[in-house]
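# Understanding the architecture of this molecule
The primary structure of each chain is shown beneath.
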Amino acid sequence: MTMAAKTYRAGTMREALARVRKDLGGDAIILASRSVRRRRLFGLGGRELIEVRASATMPQAAALVEAAGAPPPPASGAAAGPGGLSADAQGRLGDELSRLHERVDALSRMGRVDHLVPDLPAPVVASYARLVEAEVPEPLARRIAAAVADSLEPHQLHDPAEVDEALLEAVARSIPVAPPIRAVMGTRRVVALVGPTGVGKTTTVAKLAANFKLVHGLSVGLVTLDTYRIAAVEQLRTYAEIIDLPLAVANDPGEMARALDELGAVDIAFIDTAGRSPRDEVKIRELGEFMDRARPDEVHLVLSAGAGEKTLRAAAERFARVRADRLILTKLDEAEGLGDALGLLGQSSLPVSYLTTGQAVPDDIEPADRRRLAGLILGMEAIG
Ligand SMILES: Nc1nc2c(ncn2[C@@H]2O[C@H](COP(=O)(O)OP(=O)(O)O)[C@@H](O)[C@H]2O)c(=O)[nH]1
Ligand SMILES: [Mg+2]
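As a starting point, this report considers the structure included with it. Being a predicted model, the structure only gives us computed values, none of them experimental. (Residues numbered from 1 in each chain as written. Chains lettered and ligands numbered in written order. Predicted model: local features only at pLDDT ≥ 70, side-chain atom pairs only at ≥ 80, totals over all residues. Heavy atoms only, no water.)

## Comments concerning unusual backbone geometry
For residues other than glycine, phi is negative in most cases, and the peptide bonds are mostly trans. At the junction of Val361 and Pro362, the peptide bond is cis and its omega measures out at 5° in the coordinates. With respect to the helices and strands, Pro362 occurs in the loop between β12 (352–356) and β13 (365–367). One non-glycine residue, Glu135, adopts positive backbone phi at about 65°. For Glu135, the position within the fold is in the loop between α4 (122–133) and α5 (138–151). With a relative accessible area of 30%, Glu135 lands in the partly exposed category. Even without a glycine there, the phi angle at Lys331 is positive, about 60°. Note on placement: Lys331 falls in the loop between β11 (326–330) and α12 (339–347). Its relative accessible area of 28% is what places Lys331 among the partly exposed residues. (Helix = DSSP H or I, 4+ residues; strand = E, 2+ residues; numbered from the N terminus. Buried < 20%, exposed > 50% of the residue type's maximum accessible area, 1.4 Å probe, protein only.)

Here it is as structure tokens:
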């Protein structure tokens, strides 16, 4: 089988794959990818580019040769693939390929080759590309793709629907989820939302409070920590008035118990927390003191789904100290690639409780569902 392989270059893997899809369609096979440095005139300030080789179909051997860093053929699309070799020559080629593979692995460990197509059955390479395109960190994309390959019987490999289903399941399995807030009429459940400034804590408290009151018919109260004497209190007060909920303010940890009692006999008390600005986030130790006094039943860490892996990881570590035990992912409607969030989910012990998908109170929130989240991450499903 012969086919045209073409080379695409772009600033990021995501852009490169978008170009491949646009040009060759959704079934395009990624043969190889690597990062290259584009030299500028006079050798000043070269820029890192991602180069992807792709075609409509692929013989297995081609991927390894390309990945080994052979000089790329002209972008006009030369034919690739060994084609028409004797058995003996094929044997030698096989040996040569495994040596190349070893060399590539060594280069990869030295950080010389950033992205390599793993050794996967051809139909699963498309799954791998899809994960990378969703900005799933490469090692995780590789692990998931390997799990997809393992989970499929040979005859299933040729059915794209089966491969997609296996991919969705593999991603879904890697996402821990928590059940929705467990509220029982007549007992007070205290639920705190913590997280960086601007991620949507106050909005999410309003959405949850409105849903539990209006849909589930529970009595709900709000507590806010006014540690900075700032407008955050007014924002929550406005929601409290619209939804018609009691609101109490705790100015320091010592006032926490009083603030909760002020709400009266509510079924759920939500505690909203605030920092001064994204640059000067709520001080963790102080927040910890508030939490020690409130003794919440659930502490949900709120993070924006579109944040990069480093930001997400740093926040998860920071707020582990106030015993966050669930995760609310916000702004899924704005997130470009959710793969970074998947990177965090796969490694953290925080199960996801809710997803928020827009600014509208109380509608834009849903309990976390692992297949739904997997579908969103993979772009197999839309928000609306
Ligand atoms: N697009 C989008 N915006 C959101 C979402 N949740 C909150 N926001 C917006 O994010 C901004 C900050 O929200 P806020 O609740 O004040 O964040 P806080 O500082 O964590 O309390 C506001 O403009 C919200 O309307 C969401 O799911 N999607
Ligand atoms: Mg707030």
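## Concerning the layout of surface pockets
Approximately 490 Å³ is the volume found for the largest pocket. If you go around the largest pocket, you meet 26 residues; those closest to its centre are Gly26, Asp27, Ile29, Pro123 and Ala126. Sorting the residues of the lining of the largest pocket by element identifies α1 (13–24), β3 (29–38), α4 and α6 (160–173) as the ones contributing at least two each. By residue number, the principal contributor to the lining of the largest pocket is α4, which donates seven residues. The residue makeup of the lining of the largest pocket, split by class, is 15 nonpolar, five polar and six charged. In this structure, the lining of the largest pocket is formed jointly by two domains, domain 1 (1–72 + 87–117) and domain 2 (121–174), each of which donates at least three residues. Within this model, the second largest pocket holds a volume of roughly 410 Å³. Of all the secondary structure elements, the ones that give two or more residues to the lining of the second largest pocket are α7 (201–215) and α8 (232–243). Considering each element in turn, the lining of the second largest pocket owes the most residues, five residues, to α7. Looking at the lining of the second largest pocket, its residues break down into five nonpolar, 13 polar and five charged. (1 Å grid on protein atoms, 1.4 Å probe; cavity = no way out; pocket = protein on both sides within 12 Å on 5 of 7 lines; lining within 4 Å. Points joined across faces, edges and corners; volume = space filled by probe spheres on them. Nonpolar A, V, L, I, M, F, W, Y, C, P; charged D, E, K, R; others polar. Domains from an automatic or database assignment.)

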